[in-house]
Amino acid sequence: MEARILVVDDEEGIRDFLFKALPRMGRFYVELAGSAEEALKKIEQGNFDLVLTDLKMPNTDGLKLVDEITKSKPEVLTVLMTGYGTIDSVLEAMKRGASDYLTKPFNLEEMAVRIQKVLEQRQRFVKLRDFAIQLERANQELRKIDEMKSEFISVASHELRTPLAAIKNAVHLILNRKTGEINDTQAKFLSMAERNINRLTHILNDLLDLSRIESGKIQMKIEELDLKGPIEFILSSLKPQAEGKSIQLNMEVPQELPSVYADRGQIEQILMNLIGNAVKFTPEGGRVSVWARPWNGEGSMVAISVQDSGIGIPKDQLEKVFEKFYQVEDSLNRSVSGTGLGLAITKGLVEAHQGKIWAESEVGRGSTFTFTLPISEGERREPQFRILLDREFRRAQENSSPLTLFLIEVLEQGAELKDALLEQVEEKVRECLRREGDILLMREKERVLAAICGTGLQGAQVIRQRIEEEFQKHFLKGWDRPAVVKVGTATYPQEASSQRELFMKAKEKLGG
């Protein structure tokens, strides 16, 4: 197969010489260009493997041409030709993406060897690029399969709960003699059935929770939270279970511990999973301690630790304990039932709060599970908005996918009127979004709706136009004129490279 080479030089003699010489060196198809501008047009229209370009040319020099090719056609390699270029200029060209350089007058044998090496380099690049494309396609397919799996688990778990509740209710009625007398043998087997129904219900609830976490559909009510209350509540709930094994429960939460941004119900679920596990896997007469303290890691965080004097976890299994369905081998879990989903759910809930969780342990001496939560700093930005934007922006970065932030404000006279119409505004905007994964919430302190959508610039323009047309065509109830709507948008990565820049640009456009 012929390699396609484009020779770019403002000297006609050099172009003609290479046009004749290169085909003799190998299976090369050669085209010519007298300027960088002409070369760019040919590169745009043709499919070249290599560009040989002079360093010094009128208007646009070889360095700028290398820049343009690297940006627009990175698969096309470049080799610089220079008769009087300095080492500095050659090094600069290599930094900008050139693969090699040749000095004039040419040594044809050396030229043939170096061009062949550059073309071999291109073949490796093409193979790697093709492999990367195939890998990305495979990853996309895996993501689709994972989404389908999560959706199936969610639907199946939800649909199974209704008949299971009916079965449980029927068994309960029979056991309580509401439907007539039963003998002791019947009661024994019905009690076994009831216990297994409760176990199956617990498994379905765990699967449903995990599915919501993985799909990003988990509902969160973020507020400023004093951690002492949830910790005391969970310890009180588990006290009878601990006393049954003569396990001592301890709590250490400083009075001056700062509040955190969190969903109280989910924090209680995290604590129930961790402290419940500690009690479950700690032998009789042991100890379980819970303490909280400011954490000196990344950002302003509070760390909550749950320590037990139980059997411990081997070091090679510490990372695996957070995996779905994983259970530590050679432990008390052989005698303790469980789904193996509790710690996976706990990890998902902690990460939904922008925190981290990890485990430390020594076999025979117990384990310590620690998780972090963001400190409430009284920011103007609502904590729920902050956490949702953080989560979606991180997801967009990980998946190399676009993300658009919309800030939407309805202008009218009288703040009291706005309160009466906000629900209507939110309903209309929600209809304009339409995609299931789009997020819409009210930023209460600024009376602005915020929408976070996985779409690029073109999709953002369609949504914006849809919102503006909706308010122009349909009056809000109680208004005798169209509402005036302002929409500020910013899109990652086209318009903003960071989360802060995304928010600031959307806010700037809203105010403009």
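Given the structure is predicted, the values throughout are model-derived calculations rather than measurements.

The rules behind each value
Residues numbered from 1 in each chain as written. Predicted model: local features only at pLDDT ≥ 70, side-chain atom pairs only at ≥ 80, totals over all residues. Heavy atoms only, no water. Buried < 20%, exposed > 50% of the residue type's maximum accessible area, 1.4 Å probe, protein only. Helix = DSSP H or I, 4+ residues; strand = E, 2+ residues; numbered from the N terminus. Pairing = 2+ DSSP bridges. Core = buried A, V, L, I, M, F, W, Y, C linked by side-chain atoms within 4.5 Å. Expected span 1.5 Å × (residues − 1). Polar contact = N/O pair within 3.5 Å; in protein donor to acceptor, adjacent residues only side chain to side chain. Salt bridge = Lys/Arg side-chain N within 4 Å of Asp/Glu carboxyl O. Axes fitted to C-alpha atoms, helices over the stretch in contact; angles between N-to-C directions. Left-handed = near helix turned anticlockwise from the far one by under 90°. Contact = heavy atoms within 4.5 Å. Nonpolar A, V, L, I, M, F, W, Y, C, P; charged D, E, K, R; others polar. Parallel < 35°, antiparallel > 145°, perpendicular 65-115°, else oblique. Phe/Tyr/Trp six-rings, centres within 6.5 Å; stacked < 30°, edge-to-face > 60°. pLDDT = per-residue confidence, 0-100.

(A) Structural view of the pairing of strand β10 (residues 301–308). For β10, the tally of buried residues reaches seven of eight residues, placing the bulk of the element in the interior. The pairing of strand β9 (residues 287–295) with β10 spans eight bridges and is classified as antiparallel. What sits directly across from Ala292, in β10, is Ile304.

(B) Spatial organisation of the nonpolar core. Core analysis: the largest hydrophobic core is formed by 50 residues, its most contacted members being Leu227, Ile275, Ile304 and Phe371. Element by element, the count of residues in this core is highest for helix α8 (residues 264–280), at seven residues. With 20 residues, the next largest nonpolar core counts Phe385, Leu388, Leu403 and Ala490 among its residues.

(C) Highlighting α8. For α8, with 17 residues, the first-to-last C-alpha span of 23 Å sits near the 24 Å given by 1.5 Å per residue. Looking at α8, one finds that the buried residues are Gln266, Ile267, Glu268, Ile270, Leu271, Asn273, Leu274, Ile275, Gly276, Ala278 and Val279. Near the N-terminus of α8, the side chain that reaches the backbone nitrogen of Gly265, with its oxygen 3.0 Å away, is that of Asp263.

(D) View of the pattern of salt bridges. The final tally for this structure, using the stated rule, is 13 salt bridges. In this structure, Lys347 and Glu351 form a salt bridge, with 2.7 Å as the shortest nitrogen-oxygen distance. Taken together, the positions of Lys347 and Glu351, both in helix α9 (residues 342–352) and four residues apart, correspond to about one turn of that helix. Assessed through its relative accessible area of 28%, Lys347 is described here as partly exposed. Exposure remark for Glu351: the relative accessible area of 32% places this residue in the partly exposed category. Among the charged side chains, a network of salt bridges with common partners joins Arg4, Glu31 and Lys42.

(E) Highlighting the environment of Thr201. Along the chain, Thr201 turns up in helix α6 (residues 184–215). The class of Thr201 is partly exposed, set by a relative accessible area of 24%. Taking the C-alpha atoms as reference points, Thr201 and Leu164, 37 residues apart in sequence, are found 7.4 Å from one another.

(F) Highlighting the packing of helix α7 (residues 228–244) against α8. The contact between α7 and α8 brings their axes to 9 Å, and the two run at 35 degrees. α7 and α8 meet at a crossing whose hand is right-handed. Contacts between α7 and α8 pair Gly229, Pro230, Ile231, Phe233, Ile234, Leu235, Ser237, Leu238, Gln241 and Ala242 from the former with Arg264, Ile267, Glu268, Leu271, Met272, Ile275, Gly276 and Val279 from the latter. A per-class count over the contact of α7 with α8 returns 12 nonpolar, four polar and two charged.

(G) Broad picture of the packing of helix α2 (residues 36–45) against helix α3 (residues 62–72). Between α2 and α3, the shortest axis-to-axis distance is 10 Å and the interhelical angle comes to 15 degrees. The orientation of α2 relative to α3 falls into the category roughly parallel. Handedness of the α2/α3 crossing: right-handed. Here Ala36, Ala39, Leu40 and Ile43 of α2 come into contact with α3, specifically with Leu65, Glu68 and Ile69. Across the contact of α2 with α3, the residue classes break down as six nonpolar, no polar and one charged.

(H) Main features of unusual backbone geometry. With omega at -5 degrees, the peptide bond leading from Lys104 into Pro105 counts as cis. Tracing the backbone shows Pro105 in the loop between β5 (100–103) and α5 (108–175). Cis geometry marks the peptide bond from Tyr492 to Pro493; its omega dihedral reads 5 degrees. Mapping Pro493 onto the fold places it in the loop between β16 (484–492) and α13 (499–511).

(I) The arrangement of the sheet that holds strand β12 (residues 366–374) in detail. The strand order across the open sheet built from five strands is β7-β9-β10-β12-β11, with neighbouring strands paired in mixed fashion. Single-partner strands in this sheet number two, and they are β7 (248–252) and β11 (357–362). Adjacent strand axes in the sheet meet at a mean angle of 15 degrees, parallel and antiparallel pairs treated alike. One ladder, built from six bridges, connects β11 with β12; its direction is antiparallel. Across the sheet, the residue bridging to Ser361 is Ser367, located in β12.

(J) Representation of the packing of aromatic side chains within the structure. Using the criterion set out here, one finds four aromatic pairs in the structure. For the ring pair Phe17 and Phe106, a centre distance of 6.5 Å and an interplane angle of 5 degrees mean the geometry is stacked. In this pair, Phe17 is assigned in helix α1 (residues 12–25) and Phe106 in the loop between β5 and α5, connecting sequence segments 89 residues apart. A residue is classified by how much of its surface remains accessible, and Phe17, at 38% relative accessible area, is partly exposed. You can call Phe106 buried: its relative accessible area is 19%.

(K) Just the confidence of the model for the protein, in detail. Of the residues in the protein, 85% reach a pLDDT of 70 or more, and the chain-wide mean stands at 81. Considering only residues more than four positions removed or in separate chains, one finds that residues 331–336, a stretch of pLDDT under 50, has nine contacts.

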